[in-house]
Amino acid sequence: MDQDNLSVVVHSAGNLRLENRPVPEPGPNEVLLRMHSVGICGSDVHYWQHGRIGDFVLKKPMVLGHEASGQVLKVGSAVEHLKPGDRVAIEPGVPREIDEFCKNGRYNLSPTIFFCATPPDDGNLCRYYVHNGNFCYKLPDNVTYEEGALIEPLSVGIHACRRAGVTLGSTVFVCGAGPIGLVSLLVAKAMGASQVVISDLSADRLKKAKELGADFAVQVQREAPQELAQKVEGLLGCMPEITIECTGAESCIQTGIYATRSGGVVVLVGLGPEMVNVPLVNAAVREVDIRGIFRYCNT
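Given the structure is predicted, the values throughout are model-derived calculations rather than measurements.

Colleague: Explain the nonpolar core residue by residue, including any values.
Modeller: Core analysis: the biggest nonpolar cluster contains 28 residues, and Val 166, Val 172, Val 196, Ile 198, Ile 244, Val 267 and Val 269 have the highest contact counts within it. Put simply, the parts of the chain that give this core at least two residues each are helix H4 (151-164), strand E13 (171-175), helix H5 (179-190), strand E14 (195-200), helix H6 (203-211), strand E16 (242-245) and strand E17 (265-268). Counting residues per element, this core draws most heavily on H4, at 5 residues. Of all hydrophobic cores here, the second largest spans 20 residues; its members include Met 35, Val 79, Leu 82 and Ile 113.

Colleague: Quick one: what's the story with the pattern of salt bridges, residue by residue and with numbers?
Modeller: Under the counting rule described, the total for this entry stands at 10 salt bridges. Lys 83 is paired through a salt bridge with Asp 86; the nearest N and O atoms lie 3.0 Å apart. Judged by its relative accessible area of 48%, Lys 83 is partly exposed. Between Asp 289 and Arg 291 there is a salt bridge; the shortest N-O distance is 3.3 Å.

Colleague: With reference to specific residues and values, describe the layout of surface pockets.
Modeller: Rolled over the atoms, a probe sized like a water molecule indicates the empty space that remains. Estimates place the volume of the second largest pocket at around 370 Å³. Taken together, 18 residues make up the lining of the second largest pocket; nearest its centre are Glu 30, Phe 114, Tyr 129, Val 130 and His 131. Contributions of two or more residues to the lining of the second largest pocket are made by strand E1 (5-12) and strand E11 (128-132). By residue number, the principal contributor to the lining of the second largest pocket is E11, which donates 5 residues.

Colleague: Requested: an account of the packing of aromatic side chains, with residues and values cited.
Modeller: This structure, assessed with the given rule, holds 1 aromatic pair. With centroids separated by 6.2 Å and ring planes inclined at 75°, the aromatic side chains of Tyr 107 and Phe 135 adopt a geometry described as edge-to-face. Of this pair, Tyr 107 sits in the loop between helix H2 (100-103) and strand E10 (114-115) while Phe 135 sits in the loop between E11 and strand E12 (136-138), and the two are 28 residues apart along the sequence. Neither residue differs from the other here; Tyr 107 and Phe 135 are each classed as buried. A cation over an aromatic ring shows up here: Arg 295 above the ring of Phe 56, its NZ or CZ 5.9 Å from the ring centre.

Colleague: Residue-level account of the state of the cysteines, with values.
Modeller: According to the stated counting rule, one finds 0 disulfides in the structure shown. Take Cys 238: it sits in no disulfide, and the sulfur closest to it among the cysteines is that of Cys 175, at 15 Å. When its relative accessible area of 22% is taken as the criterion, Cys 238 is described as partly exposed. In this model Cys 252 remains outside any disulfide bridge; the closest cysteine sulfur is found in Cys 175, 5.5 Å from its own.

Colleague: Account for the sheet that holds strand E8 (residues 87-90), with residues named and values stated.
Modeller: With respect to topology, 5 strands assemble into an open sheet ordered E11-E3-E7-E8-E12, the strand pairing being antiparallel. Two strands close off the open sheet at either side, each with one partner strand: E11 and E12. For this sheet, the mean angle separating the axes of adjacent strands, direction not counted, is 45°. In this sheet, E12 lies alongside E8 in antiparallel orientation, the contact comprising 3 bridges. Across the sheet, the residue bridging to Val 88 is Lys 138, located in E12.

Colleague: Would you mind going over the side chain of Asn 108 in detail, with residue names and values included?
Modeller: On the secondary structure map, Asn 108 appears in the loop between H2 and E10. A polar contact of 2.7 Å, which involves the side chain of Asn 108, links it to the backbone oxygen of Phe 294. The contacts of Asn 108, once residues within four sequence positions are left out, are Ile 113, His 159, Phe 294, Tyr 296 and Cys 297.

Colleague: Pulling in residues and values, what's your account of the packing of H4 against H5?
Modeller: In the contact formed by H4 and H5, the axes pass within 8 Å of each other and the chain directions differ by 55°. Taken together, the axes of H4 and H5 are oblique relative to one another. Handedness of the H4/H5 crossing: right-handed. Contacts between H4 and H5 involve Pro 153, Leu 154, Val 156, Gly 157, Ile 158 and Cys 161 from the first element and Ile 180, Val 183, Ser 184, Val 187 and Ala 188 from the second. In terms of residue class, the contact of H4 with H5 is made up of 9 nonpolar, 2 polar and no charged.

Reading guide: rules and limits
- Residues numbered from 1 in each chain as written.
- Predicted model: local features only at pLDDT ≥ 70, side-chain atom pairs only at ≥ 80, totals over all residues.
- Heavy atoms only, no water.
- Core = buried A, V, L, I, M, F, W, Y, C linked by side-chain atoms within 4.5 Å.
- Buried < 20%, exposed > 50% of the residue type's maximum accessible area, 1.4 Å probe, protein only.
- Helix = DSSP H or I, 4+ residues; strand = E, 2+ residues; numbered from the N terminus.
- Salt bridge = Lys/Arg side-chain N within 4 Å of Asp/Glu carboxyl O.
- 1 Å grid on protein atoms, 1.4 Å probe; cavity = no way out; pocket = protein on both sides within 12 Å on 5 of 7 lines; lining within 4 Å.
- Points joined across faces, edges and corners; volume = space filled by probe spheres on them.
- Phe/Tyr/Trp six-rings, centres within 6.5 Å; stacked < 30°, edge-to-face > 60°.
- Lys NZ or Arg CZ within 6 Å of the ring centre and 35° of its normal.
- Disulfide = S-S within 2.5 Å.
- Pairing = 2+ DSSP bridges.
- Axes fitted to C-alpha atoms, helices over the stretch in contact; angles between N-to-C directions.
- Polar contact = N/O pair within 3.5 Å; in protein donor to acceptor, adjacent residues only side chain to side chain.
- Contact = heavy atoms within 4.5 Å.
- Parallel < 35°, antiparallel > 145°, perpendicular 65-115°, else oblique.
- Left-handed = near helix turned anticlockwise from the far one by under 90°.
- Nonpolar A, V, L, I, M, F, W, Y, C, P; charged D, E, K, R; others polar.

See the structure below:
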């Protein structure tokens, strides 16, 4: 085994370095992994450029990366379901304690959870990495390492669609055709959505969305949110029951609320400014539920 553990480490805003770090040893419940594929998330870029995301502030050097897969090299004494040579996908969030959120199945909301590449916890954009074995999942032979790493962003789409209540026959509006918007589209279709309309500024992204199964695509120009909502209704022939907002942009959140059918659900996936102006009374009097998501759980 190569003893060089080359790691991508952010020290402060704009200060990104390649460093050799010691190869860690797994504890009783952990496994040592040789990393194979690690995606670059928008959060990784944000920590590099700004040194913080909301209340998560970089205070010491941190290894980036949390969308990952790798091969097991060593297993801890208490790990029984994995062995050296196994190919695994990594769930980056690991509860540190069995608190009320873990007991009710929403461990992603635990305030003390470990999460790769969220200060102060190191990520796995490195050659060798130790992780809790219970949060490493064996990959079938027909799933590549690259696909294994993409299970993490796919989980965001699964959690968003679950929170939205997507089911057989649902009509869905997805705001934003970036990676998370596209996985939300895929999951919505897999869960039985009958029609999905997706919006974006980029024609290329919308083309890809159509290839992946979107029924309708709307290229955003300079429309006011209410005008764009009317376009969505015109394409579907009705107002969508569910909107999954994946941009975090204020105008898109407004559009999502205006577009959603009375009694429907808007799920906020994208993270934008801390404070945004939204037509809250419009949502309230039409009983449109506005729900957030934070990462994912049980996916």
